[in-house]
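# Structural features, examined
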Amino acid sequence: MNNLDKFNRLVDALGELPTIGKKSATRLAYFMVMNDSYAGLKIAHAIEDAFGSLKKCTQCGGMSEDELCSICSDERRDDTLLCIVENAKDILLLEENGLFDGKYFVLESLEEENVNHLVKIAKKGIHEVLFAITPSIANDALILYIEDKLSDFDISFTKIAQGVPTGVSLENIDLLSLTRALEDKVRV
Ligand SMILES: [Zn+2]
């Protein structure tokens, strides 16, 4: 029998990626090592590079290659407007339509440290907090909780509206719907 342990390990690793099944994993692995090994090596280097240089922005928690991400350090952006997202990945989605020109905050959990960090940022003069999070009962409770934590400040609270169905995460929403959702934000 052929010894393809290393190839199979690559197939298994690829198969663990989101949306990639066993069949696609085999096809991709074959392409990278047999059809176009240059592409394969380029991907391997790119992954290693990204791993080595990517970190969390110390301000917003988004992806960054520096202490502060390019959004947090961009003085042209409105820092009285703060958009709360669930994942750093959502920032990339929202930036794609270029409608939002405020700052972001990744609320990964409601742990004290995370919430305190948010309160500290809000203190610096935030006038509006926009929740760009998946509509669900749990997240409605989360919104109320955060509103309560920020109730000492003069902040209006909004959330993205139509086009985002209940329980569907932002990454599964097309750009047009996401754009509408941002345009039609509602008060909470
Ligand atoms: Zn940042």
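Everything below is about the structure printed above this text.
Residues numbered from 1 in each chain as written. Predicted model: local features only at pLDDT ≥ 70, side-chain atom pairs only at ≥ 80, totals over all residues. Heavy atoms only, no water.

The next point concerns the overall build of the chain. A tally of helices and strands in the chain yields seven helices and seven strands. In sequence order, the secondary structure elements of the chain are arranged as α-α-α-β-β-β-α-β-α-β-α-β-α-β. Relative to a compact globule of 188 residues, whose C-alpha radius of gyration would be 16 Å, the chain shows 20 Å and is clearly more extended. Looking at the chain residue by residue over its 188 residues, the buried ones come to 37%. The long-range fraction of contacts in the chain, counting pairs at least 24 apart against all pairs at least 6 apart in sequence, stands at 55%. Of the roughly 12,100 Å² of accessible surface on the chain, 53% is carried by carbon and sulfur atoms. Measuring between centres, the 20 positive side-chain charges of the chain sit 4 Å from its 32 negative side-chain charges. (Helix = DSSP H or I, 4+ residues; strand = E, 2+ residues; numbered from the N terminus. Rg over C-alpha atoms; globule rule 2.2 N^0.38 Å. Buried < 20%, exposed > 50% of the residue type's maximum accessible area, 1.4 Å probe, protein only. Contact = heavy atoms within 4.5 Å. Areas by Shrake-Rupley, 256 points an atom, 1.4 Å probe, with all protein chains shown as cover. Lys, Arg positive; Asp, Glu negative; His and termini not counted. Charge placed at Lys NZ, Arg CZ, Asp CG, Glu CD.)

Attention shifts here to the coordination of the zinc ion. Those protein atoms acting as donors to the zinc ion are Cys57 (SG), Cys60 (SG), Cys69 (SG) and Cys72 (SG), and they sit at 2.3 Å. Every donor counted, the four donor atoms about the zinc ion form angles of 107 to 116° at the centre, which fits tetrahedral coordination. Read from N- to C-terminus, the donor residues coordinating the zinc ion fall into the pattern C-x2-C-x8-C-x2-C. Neither cysteine 69 nor cysteine 72 differs from the other in exposure class; each is buried. (Donors = N, O, S within 2.8 Å, 3.2 Å for Na, K, Ca; no water. Tetrahedral: all angles 85-135°; square planar, octahedral: opposite > 155°, others 65-115°.)

Right, let's get into the environment of arginine 187. Relative to the elements of secondary structure, arginine 187 occurs in strand β7 (residues 186–187). The class of arginine 187 is exposed, set by a relative accessible area of 66%. Separated by 58 residues in sequence, arginine 187 and valine 129 have C-alpha atoms that sit 10.0 Å apart. Residues within four places of arginine 187 in sequence aside, it is in contact with Ser156, Phe157 and Thr158.

It is characteristic of soluble globular proteins that their nonpolar side chains tend to be buried jointly. Grouped together as the largest cluster of nonpolar side chains are 23 residues, with contacts concentrated most on Cys83, Val85, Leu94, Tyr104, Ile160 and Leu170. Contributions of two or more residues to this core are made by β3 (78–85), α4 (88–96), β4 (102–106) and α7 (175–183). The leading source of residues in this core is α4, at four residues. Dropping the residues within four chain positions of it, valine 85 is found in contact with Asp90, Ile91, Leu94, Tyr104, Phe105, Val106, Leu107, Ala132 and Ile133. Core analysis: the next-biggest nonpolar cluster, separate from the first, contains 19 residues, Leu107, Ile121, Ile126 and Phe157 among them. (Core = buried A, V, L, I, M, F, W, Y, C linked by side-chain atoms within 4.5 Å.)

Take α4 next. Along α4, the positions that sit buried rather than exposed are Ala88, Asp90, Ile91, Leu93 and Leu94. Residue glycine 98 follows α4 closely and has a positive phi angle near 60°.

Moving on, we get to the pairing of β3. Relative to β4, β3 runs parallel, the two being bridged by five bridges. If you follow valine 85 over to β4, its bridge partner there is valine 106. In terms of handedness, the path from β3 via α4 over to β4 forms a crossover that is right-handed. (Pairing = 2+ DSSP bridges. Right-handed = clockwise from strand over helix to strand, strands pointing away.)

Here strand β5 (residues 128–131) pairs with strand β6 (residues 156–159) via four bridges, running parallel. In the sheet register, glutamate 128 faces β6, and the bridge partner there is serine 156. With respect to chirality, the unit in which β5 leads through helix α6 (residues 137–149) into the neighbouring parallel β6 is right-handed. Inspection of the sheet shows β6 paired to β7 by two bridges, in the antiparallel sense. For lysine 159, the partnering residue across the bridge sits in β7 and is valine 186.

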